[in-house]
Amino acid sequence: MTEITRVPLQPIARGSLSKIWLGVAAIALAAGGIAYAAMPPAVHIETLTAGSGDSPTMDDVVLINYKGTLPSGKVFDQAKQVPMALGEVVPGFSKALVQMKRGGKYMVEIPSSLAYGDKAVGDIPANTDLTFEIELLDFKSRAEIEQQQRIMQQLQQMQAQQGAPGAAAPAGKP
C-alpha cells in the first residue's frame, strides 16, 4: 500500500477571500468589455408595420419606398417604388432588407461602418450613421426579372413586326 503525504493548508488571511472574488469580478467585466468592443457593428431594425410571408435574399431585387435621414434629421434621399438589387447597395441597407417581410414598414438605423464609412457621399458627411424609413412593397429573384424582360422584348418585337407595313408609308401620304 502506498503512503500519502499530507500537506497542511495554510489558513486564509482575513479579507483575502473577498479580494479574490473582487479580482474575479474585475476580470469578468474586463473580458465582457473587450468582447463587446470586438463585436461587429449591427443594423438596428424597428418594425413599424409588420409584413408577412418570405424575406428577400441577397440575390433578389426589391421594390421599396424609402426616406433616408442624417442624425440631424435632414432628409438626404427619398423615393417611391424604387427597384434595387440587394447586392448593389451599402451593406447595412441589404442586411436590413433581408430581415424584412413583404408589405412591412420599418425604421432602420445603419452605423457608418455599414454605410459609407469614412467617405463623404453627396450630402452625407464621412463617418455618419444613417436612418431610413423603408416600406418593402415586393421582391423578385433575378431569374424572375430576366424572364419578364425576355417576355417584354418578345412582345415588343411582335408589335414592331405587326406595325412595320403601315409604318413604311410617309406621313401625310396614303
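Residues numbered from 1 in each chain as written. Predicted model: local features only at pLDDT ≥ 70, side-chain atom pairs only at ≥ 80, totals over all residues. Heavy atoms only, no water.

**Describing the overall build of the protein**
Scanning the protein from N- to C-terminus turns up 3 helices and 5 strands. When the helices and strands of the protein are read in sequence order from the N terminus, they spell out α-β-β-β-α-β-β-α. In terms of overall dimensions, the protein is more spread out than a globule: its C-alpha atoms have a radius of gyration of 31 Å, far above the 16 Å expected for 174 residues. Seen along its three principal axes, the alpha-carbon backbone of the protein occupies a region of about 120 × 55 × 30 Å. Looking at the protein as a whole, 22% of its 174 residues qualify as buried. Sequence-distant contacts, at least 24 apart, represent 69% of the contacts inside the protein between residues at least 6 apart. Here the protein displays about 12,700 Å² of accessible surface, and carbon together with sulfur accounts for 58% of that area. (Helix = DSSP H or I, 4+ residues; strand = E, 2+ residues; numbered from the N terminus. Rg over C-alpha atoms; globule rule 2.2 N^0.38 Å. Buried < 20%, exposed > 50% of the residue type's maximum accessible area, 1.4 Å probe, protein only. Contact = heavy atoms within 4.5 Å. Areas by Shrake-Rupley, 256 points an atom, 1.4 Å probe, with all protein chains shown as cover.)

**Regarding the pattern of salt bridges**
Taken as a whole and assessed by the stated rule, the structure comprises 4 salt bridges. Notably, a salt bridge pairs Asp 123 with Lys 74, separated by 4.0 Å at the nearest N-O pair. Taken as a pair, Asp 123 in the loop between β4 (105-110) and β5 (130-141) and Lys 74 in the loop between β2 (60-69) and β3 (75-85) lie far apart in primary sequence, 49 residues in all. The class of Lys 74 is partly exposed, set by a relative accessible area of 43%. Of the charged contacts, one joins Glu 88 and Arg 142 as a salt bridge, the two residues approaching to 3.4 Å between their closest N and O atoms. Taken together, the positions of Glu 88 in the loop between β3 and α2 (91-97) and Arg 142 in helix α3 (residues 142-167) put the pair 54 residues apart, joining distant regions of the chain. (Salt bridge = Lys/Arg side-chain N within 4 Å of Asp/Glu carboxyl O.)

**Overview of the sheet that holds β4**
Taking strand neighbours across the sheet as the criterion, the 5 strands line up as β1-β4-β5-β2-β3 in an open arrangement whose pairing is antiparallel. The open sheet has two edge strands, β1 (44-49) and β3, and neither has a second partner. With strand direction ignored, the average angle separating the axes of adjacent strands in the sheet is 25°. Judged from the 6 bridges that link them, β4 and β5 form a sheet pairing that is antiparallel. Across the sheet, residue Tyr 106 finds its bridge partner in β5, namely Ile 134. (Pairing = 2+ DSSP bridges. Axes fitted to C-alpha atoms, helices over the stretch in contact; angles between N-to-C directions.)

**Some words on the pairing of β2**
In terms of burial, β2 is a largely internal element, 8 of the 10 residues being buried. Judged from the 10 bridges that link them, β2 and β5 form a sheet pairing that is antiparallel. Each residue of the ladder has a partner; that of Gly 68, found in β5, is Phe 132. One ladder, built from 8 bridges, connects β2 with β3; its direction is antiparallel. Within the sheet, the bridge partner assigned to Leu 63 lies in β3 and is Pro 83. Linking β2 to β3, which pair antiparallel, is a turn of 5 residues; within it Gly 73 sits at a positive phi near 100°.

**Considering the UniProt feature "domain: PPIase FKBP-type" (unreviewed entry) in the protein**
With numbering aligned to this structure, UniProt lists the feature "domain: PPIase FKBP-type" (unreviewed entry) at residues 59-140. In residues 59-140, the share of helix is 9% and the share of strand is 46%. The end C-alpha atoms are 9 Å apart. (UniProt positions renumbered as here; feature names shortened; annotations may be inferred.)

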